[in-house]
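Below, each chain spelled out in residue letters.
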Amino acid sequence: MTVRRSRVCCLAVLTSTAIAAGPLKAVDADSGAPIYAEHCATCHDVAGTGIAGFGPPLAGPAAARLKAPGGREYLAQVVVDGIAGVFELGGQRQFVAMPPNATLADDQLAAALNHVLRIQNANALPADFAPIAPAEIAAARAVSRTPRDLHRTKQELERAAK
């Protein structure tokens, strides 16, 4: 019962974050909230602002990556395989490693990623944003990339966006 209460508490915070960010673009955006709260918020914060020493912010950067050519594939690959490298957090450069998410199903990872995009990046999404589909997560599972490879791809996407 305690676990359930903590999830409800996290959902309440996530819901208030969503209201502050603006209206939801689709009703299923919240299906990823409990998955995000359980598997991602510990390192990335409930609102996706990041936690120094643990995980970089997702609010803002995720939408920027999505807009770049190859960005959708990159985001799907990160939630599947994790990522490792030096990130700028709070003005400081830190090494961060996100583990792979082998235990979550494709639909769960898609829901969590869509939560990050629709709730934490709502104001920065392109008008024609289409949710990440479980099939895109399955396609990412079929490609073997290391977390360090994905960090290099992240850097390439950042350079292309400038």
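Calculation notes
- Each residue is numbered by its place in its chain's sequence as written, counting from 1.
- Restriction of local features to residues with pLDDT of at least 70 applies here, the model being predicted, together with a cutoff of 80 or more for giving and counting side-chain atom pairs; totals for whole chains, interfaces and linings are based on all residues.
- Side-chain numbers come from the whole structure's heavy atoms, not from hydrogens or water.
- Under the scheme applied here, a residue whose accessible area is under 20% of the maximum for its type counts as buried, over 50% as exposed, and between as partly exposed, the area being computed with a 1.4 Å probe on protein chains only.
- Only DSSP runs of H or I with at least four residues qualify as helices, and only runs of E with at least two residues qualify as strands; both kinds are numbered from the N terminus onward.
- Strand pairing follows a simple DSSP-based rule, namely that at least 2 bridges must link the two strands.
- Contacts between residues were defined by any pair of non-hydrogen atoms, one from each residue, lying within 4.5 Å.
- Here a polar contact means two N or O atoms within 3.5 Å. Within protein one must be a hydrogen donor candidate and the other an acceptor candidate, and residues neighboring in sequence count only if both atoms are side-chain atoms.
- Angles run from 0 to 180 degrees between N-to-C directions of axes, and those axes are lines fitted to C-alpha atoms, restricted for helices to the stretch in contact.
- By definition in this entry, angles of less than 35 degrees are roughly parallel, angles greater than 145 are roughly antiparallel, angles of 65 to 115 are roughly perpendicular, and the rest are oblique.
- Handedness of a helix crossing follows the sense of rotation of the near helix relative to the far helix, less than a right angle counterclockwise being left-handed and clockwise being right-handed.

With that out of the way, let us pick up the pairing of strand E1 (residues 83-89). With five of seven residues buried, E1 lies mostly within the body of the structure. Two strands pair when backbone bridges link them, and E1 and strand E2 (residues 92-98) are joined in this way by seven bridges, in the antiparallel orientation. Bridging across to E2, Val86 finds its partner in Phe95.

Examined against the element boundaries, Arg65 turns out to sit in helix H4 (residues 61-67). The class for Arg65 is buried, based on a relative accessible area of 14%. Residue contacts for Arg65: discarding those within four places in its chain leaves Gly71, Tyr74, Leu75, Lys154, Leu157 and Glu158.

With that out of the way, let us pick up the side chain of His151. Within the element layout of this structure, His151 appears in helix H8 (residues 147-161). For His151, the side chain forms a polar contact with the main-chain oxygen of Val86, separated by 3.2 Å. Those residues within four positions of His151 in sequence are excluded, and the remaining contacts are Ile83, Ala84, Gly85, Val86 and Phe87.

Attention now goes to helix H5 (residues 71-81). Taking burial as the measure, the eleven residues of H5 include nine buried ones, the bulk of the element. Inspection of H5 places Gly71, Tyr74, Leu75, Ala76, Gln77, Val78, Val79, Val80 and Asp81 among the buried residues, and these make up the whole buried set. In this structure, the buried residues of H5 make contact with H4, E1, E2, helix H6 (106-120), helix H7 (134-141) and H8.

Right, let's get into the packing of H6 against H7. Orientation of H6 relative to H7, taken along the N-to-C sense of each, is 110 degrees, at an axis distance of 8 Å. With respect to H7, the element H6 is oriented roughly perpendicular. Where H6 crosses over H7, the two elements pack in a sense that is right-handed. The segment H6 lies against H7, with Asp106, Asp107, Leu109 and Ala110 engaging Pro134, Ile137, Ala138 and Arg141.

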